[in-house]
Amino acid sequence: MLLSALLLFLLQCARALSSECPADCSCPSQGSVFCFTRRSPVMPSVPHGTQRLYVFHNGISALSADDFRHLAELQMLDLSQNQLTLVPDGAFEVLLKLKNLDLSSNQITHISSGSFSGLVQLERLYLHANQIQSIQTGAFESLHNLLELKLHGNLLTSLPTLSFSRLLLLDLSDNNIPTLEPSDLQTPHLEALKVSSLGLTSLDKNLFASLVSLHYLDISMNQLTAVPQAVQQDNMKGLIRLNLAGNPLGELKAEDFSWLNGLQELDLSGLNLQSLPEGLLQNFPRLVHLTAAENPFNCLCPLAWFSVWLREKGVNLGRPEETRCHFPLVNAGKMLSELEFKDYGCLHTTTMGASVVTLVPRIWTTYPDGPHTYATPHGLQRDPSSVPPSVSAQTSGDSEQCPGPCLNGGRCRVEDGQSGCRCPPGTAGVTCETKEDPLKSTNMPLVVPISSRHVTATSILLDLHRFIQTQPHIRGIRLTYRNLSGPDHRPIILRVPASYPEYTLRGLRPNCTYSVCASPLVERVPRANSSGEVVSCTEARTAGAPPTPQEPRLTTPGPESGSLEPALAALALLLGLAVLAGTVVCVRRRTRTKSGLELEGSSPETGAADPHPKSGLDNSGTDAHTGAGPDRAQGRPGTDRQPDTDPLPGSLKIGATLDLEAAVTEELFASNNILSSLKASYF
């Protein structure tokens, strides 16, 4: 009995609870009411003890204080995705225990000074994705315990003074607030600040001076042209996350981040970066996540350290599919996370004693059947005093030093006051240090600052990757080329931007040898090979012109085909007339031959007994119009005449061809009309 009574009591309690749950709502637990997609413009009537009320996407258009009179225990109120345009003064003043209020995704346009009066325990206020244009001064005065304030995605153009002693998160993104003053942010304990997409062109140096607890800063998608000095302060040493994405910075310097050695996450996406200075990421020993997507990286040697650093430090690269090389062409489209050090085309270095010597100050370039030339890259000249005494250059009557000892039989040579190693066949490199595989030898050195990649009859494709790589600070390239095979050796000078790793010379003469030299573009053009100028040369021979076709092409007449076309037309006409005349003669002869055979095979008796002497047996001697033969015209009997031996009567002309054919046809039809008993034997 006791057990049955207890079960009955619990059942009655459940029925009571279920009866208090409003229609079109659900009450999954005591104190919680979920009303979504009710499609009602008014607040639902909920139980008095409700603590968590979710009334989102209901179509509610207005609020009043009476809607919450009996909800003194309410702690969570979600009114998002409705159609509210106004928050009436004092609407929530009875909700003394409310801690979370979500009014996002409505149509609110203004916040008055009394909109949130009475919410002394409120900790989180979400007003994002509305149409708020103004906030009256004092609107947040009663919110002393506020921890989070979200105002992003509105139409704000200015801010009242935000004074929150306990505020930890403030999101002002996606508004139109072009300037922020230090007095606007009186939030000493703020840990996360988002001011993305505000249209900021600069930040006050002291904007974050009072934010000693700031850990996360998002200043992305603004118009900042340099890393602001506001983040280069002592108080920013505690910053853990920094988002600079979408600003037109263009170039970064390592010293811009010298204070941010505590960073763990950094976003450098969309900054129009072509490279990253090698010392930049050394400032972040704790970095674990880096995003550098949507940048036009120039994957040459100055950026080669980046891939090595990613692997050594184990840093997670965000959005790797969008972090790709744009230049040079050999690396275009490749993901930086998949490149190796060798893919950047860096020059080789050799360690000698305690110093590292870069073997690039003198670069010999050997071309088949051509002269030996060299290049001296700007900015890479080595101080001779830094080379150990054991590394002395081999000379041949000259006092100049080569970049290193000429190995594998190489000899040091001096030309135009500059020296370099001349390598024997089968070796390559700056100091002839590399032995080439005889099966793969191309007589080309290991490092070629300028070379030709593709040569046609009228063009030469130049490879300038190495030249640009060894001189990263030049503003352009001066290309000088001349025809060594023609009588005119005058040079032609072109100016090419340094951003062109490949350039094609066009309009050249076929089957000619061209000399092409590259040097840095400076304000005043110095003499070639003068002191301090870097000149790198190459030679290439254009291919021969394609063979001229032997037969004229009437479909595409050239400038000299004007006299040929009428002659060919006349010849074609004569050939046609000749063929036509030959056809007529053949038909005539065949007709006469048949007639002659018929007359020879007939006896005189047969001819006399023929009742139809004009039956057309002699087609050649019958007039098509009169039916009289030539013998009758001469007064001789038809039986005594001889067959006409003239194959082509004098009266027959080429223009009468159609008349002749018509006459022959008529006489044949006359023969066919003879009675079957009187038909000639040849039928």
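Nothing here was measured: the structure is a model prediction, and the numbers come from that model.

### Looking at the overall build of the protein
For step 1, the next point in the chain: In terms of regular secondary structure, the protein is built from seven helices and 34 strands.
For step 2, the next point in the chain: With 683 residues in all, the protein has 40% of them scored as buried.
For step 3, the next point in the chain: The contacts in the protein between residues at least 6 apart in sequence include a share of 50% that link residues at least 24 apart.
For step 4, the next point in the chain: With the model as given, the accessible surface of the protein reaches about 37,500 Å², and the carbon-plus-sulfur share is 54%.

### Comments concerning the sheet that holds strand S31 (residues 492-497)
For step 1, the next point in the chain: Strand order in this open sheet of four strands is S31-S30-S33-S34, and the pairing throughout is antiparallel. The strands lining the two open edges of the sheet, one partner per strand, are S31 and strand S34 (536-541). Along the sheet, successive strands turn relative to each other by an average axial angle of 25°, direction set aside.
For step 2, the next point in the chain: Note: strand S30 (residues 476-483) against S31, six bridges, orientation antiparallel. What sits directly across from Gly476, in S31, is Pro497.

### Some points on a nonpolar patch on the surface
For step 1, the next point in the chain: Residues Leu568, Leu571 and Leu575 make up a contiguous nonpolar surface patch of roughly 260 Å² in combined accessible area.
For step 2, the next point in the chain: By the element assignment, Leu568 lies in helix H4 (residues 564-600).
For step 3, the next point in the chain: Residue Leu568 is classed as partly exposed on the basis of its relative accessible area, which comes to 33%.

### Here's the deal with the pairing of strand S29 (residues 460-463)
For step 1, the next point in the chain: Taking every second residue as pointing to the same face, both faces of S29 are buried, with Ile460 and Leu462 on one and Leu461 and Asp463 on the other.
For step 2, the next point in the chain: Bridge count between strand S28 (residues 451-455) and S29: four bridges; the pairing is antiparallel. Within S29, the residue paired with Ser452 across the bridge is Leu462.
For step 3, the next point in the chain: Counting the residues between successive antiparallel strands, the hairpin from S28 to S29 contains four residues.
For step 4, the next point in the chain: As defined by bridge partners, S29 adjoins strand S32 (residues 502-505) across four bridges and the pair is classed as antiparallel. Following the sheet pairing, Leu461 is matched in S32 by Thr504.

### Focus on the confidence of the model for the protein
Parts of the model with low pLDDT should not have their predicted coordinates read in detail.
For step 1, the next point in the chain: Per-residue confidence for the protein gives a mean pLDDT of 74; residues scoring 70 or more make up 66%.
For step 2, the next point in the chain: Low pLDDT, under 50, characterises residues 550-563; the stretch is placed with two contacts to residues that sit more than four places away or in other chains.

### Description of the nonpolar core
For step 1, the next point in the chain: By size, the foremost hydrophobic cluster in this structure holds 98 residues, and its most contacted members are Phe92 and Phe116.
For step 2, the next point in the chain: Here the element with the most residues in this core is helix H2 (residues 304-313); it accounts for five residues.
For step 3, the next point in the chain: The contact partners of Phe116, leaving out residues within four places of it in the chain, are Val87, Leu101, Leu103, Ile111, Leu125, Leu127, Ala139, Phe140, Ser142 and Leu143.
For step 4, the next point in the chain: Formed by 19 residues, the second largest nonpolar core is a distinct cluster that contains Phe467, Ile474, Ala498 and Leu508.

### Quick look at the state of the cysteines
For step 1, the next point in the chain: Per the counting criterion, the structure on display carries five disulfides.
For step 2, the next point in the chain: Across the disulfide, Cys517 is cross-linked to Cys537 (sulfur-sulfur distance 2.0 Å). Taking the torsion about the sulfur-sulfur bond, which here is approximately 105°, the covalent link between Cys517 and Cys537 counts as right-handed. Of the two residues, Cys517 sits in strand S33 (residues 513-520) while Cys537 sits in strand S34, which places them 20 residues apart along the sequence.
For step 3, the next point in the chain: The exposure class assigned to Cys537 is buried, which follows from its relative accessible area of 15%.

### Here's the deal with the sheet that holds S32
For step 1, the next point in the chain: Spatially, S28-S29-S32 is the arrangement adopted by the three strands of the open sheet, whose pairing is antiparallel. Whereas interior strands pair on both sides, the edge strands pair on one side only; in this sheet they are S28 and S32. Direction aside, neighbouring strands of the sheet carry axes that sit 30° apart on average.

### Observations regarding unusual backbone geometry
For step 1, the next point in the chain: Of note, the amide linkage connecting Phe327 to Pro328 takes the cis form, showing an omega dihedral of -10°.
For step 2, the next point in the chain: Its location among the elements puts Pro328 in the loop between strand S19 (325-327) and strand S20 (349-352).
For step 3, the next point in the chain: If you check the backbone angles, Arg39 has positive phi at about 60° while not being a glycine.
For step 4, the next point in the chain: Counting through the fold element by element, Arg39 comes out in the loop between strand S1 (32-34) and strand S2 (52-54).
For step 5, the next point in the chain: When its relative accessible area of 60% is taken as the criterion, Arg39 is described as exposed.
For step 6, the next point in the chain: At Asp174, a position not held by glycine, the phi torsion is positive, near 55°.
For step 7, the next point in the chain: Tracing the sequence through the fold places Asp174 in the loop between strand S10 (169-171) and strand S11 (185-186).

### Description of the environment of Arg541
For step 1, the next point in the chain: Relative to the helices and strands, Arg541 is located in strand S34.
For step 2, the next point in the chain: Among the residues examined, Arg541 registers a relative accessible area of 46% and is labelled partly exposed.
For step 3, the next point in the chain: For Arg541 and Ala457, which are 84 residues apart along the polypeptide, the C-alpha to C-alpha distance reads 8.7 Å.
For step 4, the next point in the chain: When sequence neighbours within four positions are dropped, the list of residues in contact with Arg541 reads Val455, Ser485, Asn511, Cys512 and Thr513.
For step 5, the next point in the chain: A polar atom in the side chain of Arg541 sits 2.7 Å from the side chain of Thr513.

### What about H2?
For step 1, the next point in the chain: All of the buried residues in H2 are Ala304, Trp305, Phe306, Ser307, Trp309 and Leu310.
For step 2, the next point in the chain: Just downstream of H2 lies Gly314, where phi reads positive at about 65°.

### What to know about the pattern of salt bridges
For step 1, the next point in the chain: Taken as a whole and judged by the stated rule, the model has 10 salt bridges.
For step 2, the next point in the chain: Residue Glu73 is joined to Lys97 by a salt bridge in which the shortest nitrogen-to-oxygen separation is 3.0 Å. Taken together, the residues Glu73 in the loop between S2 and strand S3 (76-78) and Lys97 in the loop between S3 and strand S4 (100-102) connect sequence positions 24 residues apart.
For step 3, the next point in the chain: Using a relative accessible area of 33% as the deciding quantity, one classes Glu73 as partly exposed.
For step 4, the next point in the chain: Among the ionic contacts, a cluster of salt bridges with common partners joins Glu123, Arg124 and Glu148.

### Topic: the side chain of Asp184
For step 1, the next point in the chain: Within the fold, Asp184 resides in the loop between S10 and S11.
For step 2, the next point in the chain: This buried residue, Asp184, is left without a salt bridge; Lys205 holds the nearest opposite charge, at 19 Å.
For step 3, the next point in the chain: Here Asp184 is in contact with Leu159, Pro160, Thr161 and Leu162, once residues within four sequence places are set aside.

Parameters and conventions
Residues numbered from 1 in each chain as written. Predicted model: local features only at pLDDT ≥ 70, side-chain atom pairs only at ≥ 80, totals over all residues. Heavy atoms only, no water. Helix = DSSP H or I, 4+ residues; strand = E, 2+ residues; numbered from the N terminus. Buried < 20%, exposed > 50% of the residue type's maximum accessible area, 1.4 Å probe, protein only. Contact = heavy atoms within 4.5 Å. Areas by Shrake-Rupley, 256 points an atom, 1.4 Å probe, with all protein chains shown as cover. Pairing = 2+ DSSP bridges. Axes fitted to C-alpha atoms, helices over the stretch in contact; angles between N-to-C directions. Patch = residues over 30% accessible without salt bridge, like charges linked within 9 Å, V, L, I, M, F, W, Y side chains within 5 Å. Salt bridge = Lys/Arg side-chain N within 4 Å of Asp/Glu carboxyl O. pLDDT = per-residue confidence, 0-100. Core = buried A, V, L, I, M, F, W, Y, C linked by side-chain atoms within 4.5 Å. Disulfide = S-S within 2.5 Å. Polar contact = N/O pair within 3.5 Å; in protein donor to acceptor, adjacent residues only side chain to side chain. Lys, Arg positive; Asp, Glu negative; His and termini not counted.

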